[in-house]
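Descriptive structure summary
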Amino acid sequence: MLTIPRRHFLVAVAGTAGASALSRSANPAWAQDEGPLPEVVDWKDPDSTIVHTEFTVETERGAIGTSGITSKDVLYLRNNLPSPDEDRVADRDSWEVSIEGVREPRSITVGELKDLGVETVATVLQCSGNGRGFFDHDTSGSQWLTGAAGNLLWSGVPVRNVVDALGGLEDGRNFMTSTGGETLPEGIDAKQVVVERSVPVDHAVEHAILAWEMNGEPVPRAHGGPLRVIVPGYYGINNVKYVKRVSFTEEESDAAIMRTGYRVRPVGVDGAPDQPSMWEMKVKSWVTRPLAEAGTGRVQIHGVAFGGFNALDSVEVSTDGGDNWQQARLLGPDLGRFSWRPFVLSAELEPGTYTVTSRATDAEGTVQEEVTAPNHRGYDYSGWRALAVDVTVV
Ligand SMILES: Nc1nc2c(c(=O)[nH]1)N[C@H]1C(S)=C(S)[C@@H](COP(=O)(O)O)O[C@H]1N2
Ligand SMILES: [Mo]
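What counts, and where the lines are drawn
Throughout, a residue's number is its position along its own chain's written sequence, starting from 1. Note on labels: chains are lettered from A, ligands numbered from 1, in written order. Per-residue local features of the predicted model are confined to residues with pLDDT of at least 70, and side-chain atom pairs are confined, for both listing and counting, to 80 or more; whole-chain, interface and lining totals are unaffected and use all residues. Side-chain measures were taken over the full set of non-hydrogen atoms in the model, leaving aside hydrogen atoms and water. Paired strands, as defined in this entry, are two strands with at least two bridges between them according to DSSP. Think of it this way: any DSSP run of H or I at least four residues long counts as a helix, any run of E at least two long counts as a strand, and we number them from the N terminus. Only buried residues count toward a nonpolar core. Its members are Ala, Val, Leu, Ile, Met, Phe, Trp, Tyr and Cys residues joined through side-chain atoms within 4.5 Å. Any residue under 20% of the maximum accessible area for its type is buried, any over 50% is exposed, and the rest in between are partly exposed; the area is computed with a 1.4 Å probe on protein chains only. Note on contacts: a residue pair qualifies if any of its non-hydrogen atoms lie within 4.5 Å across the two residues. UniProt positions are given in the numbering used here, feature names are shortened, and annotations may be inferred rather than shown by experiment. It suffices for a single heavy atom of a residue to lie within 4 Å of a molecule or strand for the residue to be listed as near it. Pairing of N or O atoms within 3.5 Å defines a polar contact, subject to two protein rules: one partner must be a possible hydrogen donor and the other a possible acceptor, and residues neighboring in sequence count only if both atoms are side-chain atoms. Exposure was quantified through the Shrake-Rupley algorithm and a 1.4 Å probe, taking into account, for residues, occlusion by the shown protein chains and nothing else. Residues are grouped as follows: nonpolar covers Ala, Val, Leu, Ile, Met, Phe, Trp, Tyr, Cys and Pro; charged covers Asp, Glu, Lys and Arg; every other residue, Gly included, is treated as polar. Any Phe, Tyr or Trp ring, taking Trp's six-membered ring, that has another such ring centre within 6.5 Å forms a pair; planes under 30 degrees apart are called stacked, those over 60 apart edge-to-face, and the others tilted. Criterion for a charge above a ring: Arg CZ or Lys NZ at most 6 Å from the ring centre, at most 35 degrees from the ring normal. Convention adopted: a line fitted to C-alpha atoms gives each axis, helices being fitted over their contacting stretch, and angles between N-to-C directions are expressed from 0 to 180 degrees. An automatic or database domain assignment provides the domain bounds reported here. Put simply, buried area is the surface a 1.4 Å probe can reach on two separate parts but cannot reach once they are joined, added for both.

What follows deals with the sheet that holds strand β18 (residues 326–327). A sheet is described by the order of its strands in space; here five strands give the open sequence β15-β22-β21-β17-β18, paired in mixed fashion. The open sheet is flanked by β15 (293–294) and β18, the only strands paired with a single partner. As judged from the two bridges shared by β15 and strand β22 (residues 389–393), these two strands associate in the parallel manner. Bridge pairing links Glu293 to Thr392 in β22.

This is the structure we're talking about:
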C-alpha cells in the first residue's frame, strides 16, 4: 500500500497541532500524489486530482465546482482490476451484454439497447470508502478524504425496458447481479477477483439504467464504457463498469466482492454474507471552499450535499465547529432525488480562525451524523465533525 497509514501521520504531528489539526486539515500528509496519473486516466487534470495508487485517483476537495455536475477531468477513479484495453471502446455499439433470468434470455448489443428506450439520471457516484481517512482506527485501503465522489449525468436504457423486451422476469428473482467485463488474471479463482455485484431487484427495475453516455459523451473507458450499470442511490461498487452480464438471480452472487467484501462489520471481524452490504448511501455534505484561508468580510462558503438513497431536503453550515447552524442556500437546478446539490452560505467573518462544517438533512428527516462509528474496512464515513475544516480569516 502506497498510502501513509493514519497512525504514522498522527505520530508525525503529535506535539505540534495535535489530533484536531489531523481531522480538520484539508490536505493531510497522505493527500499527496504517489505518482503520475495512470495511463487510463492520463487525460485528467493533475492539479485537481490526488493519485493514491495506479488504481485509485481522488478529486481534490477544492476542485468540486458550483455547477452541480462533476467534470470527467476531475472525477475520481477506482479500479479493482485494470480497465480493459482501448480496443474495447473502438466499436461501442457492437459490445454485447448477456441478459439472464428473464423469460427470453439472450445477448444484446449496445446498438440494440439504444432502440429499447433512453432515460437520463443525475446520480452521485461515491466509493464506499470515501472518507476512510477520517476514521481514527487503522484501515486498509485508500485513505480517501472527500474526493471519492462525483455527481454525473448518465444516459442509457432503463433496466425495466430491457426486462420487458425480453419477456419479463423469471419467477423468484430477488436480485439483479451484474458482472464486470475485465480480463481476469490467470491462475486465480475467478470468484475471488471478478467484479460482480447483486442489488435488490425492485430498486433495479425501478431506477437502474444501462448507461452508454456520461455528461454528454460516450462513457470513458476508465469509467465503464462502452456500457455501465448505474444504480442510483447506491454506493459506487454496485455501478458495474464495462458490464458483460446482467442476470436476475434468486440469490446474491457468491463472488468474494459480494459475499464477504463491502460488508459493514465491527473492527476485527471478518466479512460475511449476513452483514449489511454497501448498498444505499447515507445523507452527507461537506464544505469545498474556503479550505484554509479567507479574506475578512463577506465569505462565500461553498459545498455539496446529497440525501444518498433519499432526496435531499436542506443543508446548514456552522462556522463555530457545530455550536450554531445557519441554513445554506441550495444552488442551481434540482436534478432529482439521486443528485447532489451545491450549496452556499454568505457569511460575515472577522479575522480569526473558524471551524467550518456543514450538515445535510434528507427528505425523510434524517440528519447527517456528527460522528461515524468505526467499522472494520472504514466504509460509509459521513460525520460532519471530522469533515470540518479550519479556516483562518486574515
Ligand atoms: N467492472 C468494474 N466495475 C466497478 C469497479 C471495478 O473495478 N470494475 N469498481 C467499483 C468501485 S469500488 C467504484 S467506487 C466505482 C468507481 O467508479 P469510477 O472509477 O468510474 O469513478 O466503480 C465500481 N464499479
Ligand atoms: Mo468503491
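The next subject is the nonpolar core. Judged by nonpolar contacts, the single largest core of 31 residues is most densely connected at Ile99, Leu113, Met176, Leu210, Leu227, Val246 and Phe248. Secondary structure elements with two or more residues in this core: β4 (96–100), α3 (110–113), α4 (159–165), β8 (175–180), α6 (201–207), β10 (209–214) and β13 (243–249). Among all residues touching Phe248, those that are not within four sequence positions of it are Ile99, Glu100, Gly101, Val102, Val159, Val163, Leu169, Arg173, Phe175, Met176 and Val201. Counting residues in each nonpolar core, the second largest holds 27 residues, with Ala149, Val195, Tyr235 and Phe306 among its members.

The UniProt feature table records "domain: Oxidoreductase molybdopterin-binding" (unreviewed entry) at residues 90–255. In residues 90–255, the share of helix is 13% and the share of strand is 34%. The end C-alpha atoms are 29 Å apart.

Surveying the vicinity of ligand 1 reveals 19 residues, the closest of which are Asn80, Glu182, His223, Arg228 and Lys241. Between an oxygen atom of ligand 1 and a main-chain N or O atom of Arg78, the distance comes to 2.9 Å. Relative to its unbound accessible area of 530 Å², ligand 1 is 100% covered by the protein chains. Among the residues making up the shell around ligand 1, the classes are represented as nine nonpolar, six polar and four charged.

What follows is about the packing of aromatic side chains. On inspection of all chains with the given rule, the structure shows eleven aromatic pairs. Aromatic pair Tyr262 and Tyr379: ring centres 5.6 Å apart, planes at 10°, arrangement stacked. Highlighted residues: Tyr262 in the loop between α7 (256–259) and β14 (284–289) and Tyr379 in the loop between β21 (352–362) and β22, separated in sequence by 117 residues. A relative accessible area of 9% places Tyr262 in the buried class. Taken together, the ring pairs connect Phe175, Tyr234, Trp279 and Phe309 into an aromatic cluster. Lying across the ring of Phe309, Arg337 places its NZ or CZ 4.8 Å from the centre. Between the NZ or CZ atom of Arg359 and the centre of the ring of Trp325, over which it lies, the distance is 4.1 Å.

Let's shift gears to the sheet that holds strand β9 (residues 196–200). Spatially, five strands are ordered β5-β4-β13-β8-β9 in an open sheet, and the strand pairing comes out mixed. The sheet is open, and its two edges are formed by β5 (106–109) and β9, each paired on a single side. Neighbouring strand axes in the sheet, compared pairwise and without regard to direction, differ in orientation by 20° on average. As defined by bridge partners, β4 adjoins β5 across four bridges and the pair is classed as antiparallel. From the neighbouring strand, Ser98 faces β5, where its bridge partner is Ser107.

What follows concerns the domain arrangement of the protein chain. Domains assigned within the protein chain are domain 1 (86–124 + 145–259) and domain 2 (284–393). Domain 1 and domain 2 are separated by 32 Å when their C-alpha centres are compared. Counting the surface lost from both domain 1 and domain 2, the interface buries some 1,100 Å², and carbon and sulfur atoms represent 67% of this. Applying the counting rule to domain 1 against domain 2 returns five residue pairs in polar contact (both at pLDDT 80 or more). Looking at the side of domain 1 that touches domain 2, the elements with two or more residues in it are β6 (119–126), β7 (149–158) and α6.

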